[in-house]
Amino acid sequence: MATPLRQFYAFFLLFIFGKGLCQPCDVSSIMVNQTAIGDAVHGLQEYQVIITNKCICTQTDVEFQCTGFDSVEHVDPSIFRGDGEYCIIDHAQPIWFGSSINFTYASKAQIRFVPASSQINCS
């Protein structure tokens, strides 16, 4: 009877450490909320974007698919920059658990920011 119990504990420990409870999240832990804020910039709607890391681990090299991103309002490239297809945050700087990156942009249409990739950094 002791052998099956030991096997269970060994399997359980292997599952915890091998399966990744040390890395319990992925790029889907990056949340993007944006709101039209009512201001017009050069006649175009302005949007406020809040990007938050809900992962307990720090994420770096966060990249978004942001097809069509082209703001008539200046967006500080040290915070957020894109080429119209993919965008990165903060020169790939870390986003810690619970922290947010905020910026505004103005465009003909609201851009969809889809988290595409990131590096998970648990310590």
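As shown above, the structure is provided for reference.
Residues numbered from 1 in each chain as written. Predicted model: local features only at pLDDT ≥ 70, side-chain atom pairs only at ≥ 80, totals over all residues. Heavy atoms only, no water.

(A) Quick look at the nonpolar core. Membership of the largest hydrophobic core comes to 18 residues, with the highest contact counts inside it found for Ile 51, Phe 64, Phe 69, Phe 80, Tyr 105 and Phe 113. Going through the elements one at a time, strand 2 (44-53), strand 3 (58-65), strand 5 (86-89) and strand 6 (100-107) are the ones with two or more residues in this core. Those residues in contact with Tyr 105 that sit more than four places away from it in its chain are Gln 34, Gln 45, Glu 46, Tyr 47, Val 49, Phe 69, Ser 71, Glu 73, Val 75, Gln 110, Ile 111 and Phe 113. (Core = buried A, V, L, I, M, F, W, Y, C linked by side-chain atoms within 4.5 Å. Buried < 20%, exposed > 50% of the residue type's maximum accessible area, 1.4 Å probe, protein only. Helix = DSSP H or I, 4+ residues; strand = E, 2+ residues; numbered from the N terminus. Contact = heavy atoms within 4.5 Å.)

(B) Inspection of the state of the cysteines at higher detail. In total, this model carries three disulfides according to the counting rule given. Paired through a disulfide, Cys 25 and Cys 55 show a sulfur-sulfur distance of 1.8 Å. In this pair, Cys 25 sits in the loop between helix 1 (2-19) and strand 1 (30-41) while Cys 55 sits in the loop between strand 2 and strand 3, placing the two residues 30 residues apart along the sequence. Neither Cys 25 nor Cys 55 differs from the other in exposure class; each is buried. Here Cys 57 connects covalently by a disulfide to Cys 122, the sulfurs 1.7 Å from one another. (Disulfide = S-S within 2.5 Å.)

(C) Region of the structure containing the side chain of Glu 46. Structurally, Glu 46 can be placed in strand 2. For the buried residue Glu 46, which engages in no salt bridge, the nearest side chain bearing the opposite charge is Lys 108, 18 Å off. Once residues lying within four places of it in the same chain are set aside, the contact partners of Glu 46 are Thr 35, Ala 36, Ile 37, Gly 38, Asp 39, Val 41, Glu 73, Thr 104, Tyr 105 and Ala 106. (Lys, Arg positive; Asp, Glu negative; His and termini not counted. Salt bridge = Lys/Arg side-chain N within 4 Å of Asp/Glu carboxyl O.)

(D) Main features of unusual backbone geometry. Positioned with a positive phi, His 42 is a non-glycine residue whose angle comes to about 50 degrees. For His 42, the location among the structural elements is in the loop between strand 1 and strand 2. According to the relative accessible area criterion, His 42 is exposed, its value standing at 70%. Of note, the phi angle at Asp 61 is positive, near 50 degrees, even though the residue is not glycine. Its place among the elements puts Asp 61 in strand 3.

(E) Summary view of the packing of aromatic side chains. By the definition in use, this model includes ten aromatic pairs. For the ring pair Phe 80 and Phe 103, a centre distance of 4.3 Å and an interplane angle of 20 degrees mean the geometry is stacked. Taken as a pair, Phe 80 in strand 4 (residues 80-82) and Phe 103 in strand 6 lie far apart in primary sequence, 23 residues in all. Of the two residues examined, Phe 80 and Phe 103, each falls in the buried class. Relative to Tyr 105, the ring of Phe 103 lies with its centre 6.4 Å away and its plane at 40 degrees, an arrangement referred to as tilted. Per residue, the accessibility class of Phe 103 equals that of Tyr 105, and both read buried. Taken together, the aromatic side chains of Tyr 47, Phe 64, Phe 69, Phe 80, Phe 103, Tyr 105 and Phe 113 make up a single cluster linked through ring pairs. (Phe/Tyr/Trp six-rings, centres within 6.5 Å; stacked < 30°, edge-to-face > 60°.)

None of this, on its own, says anything about what the molecule does.
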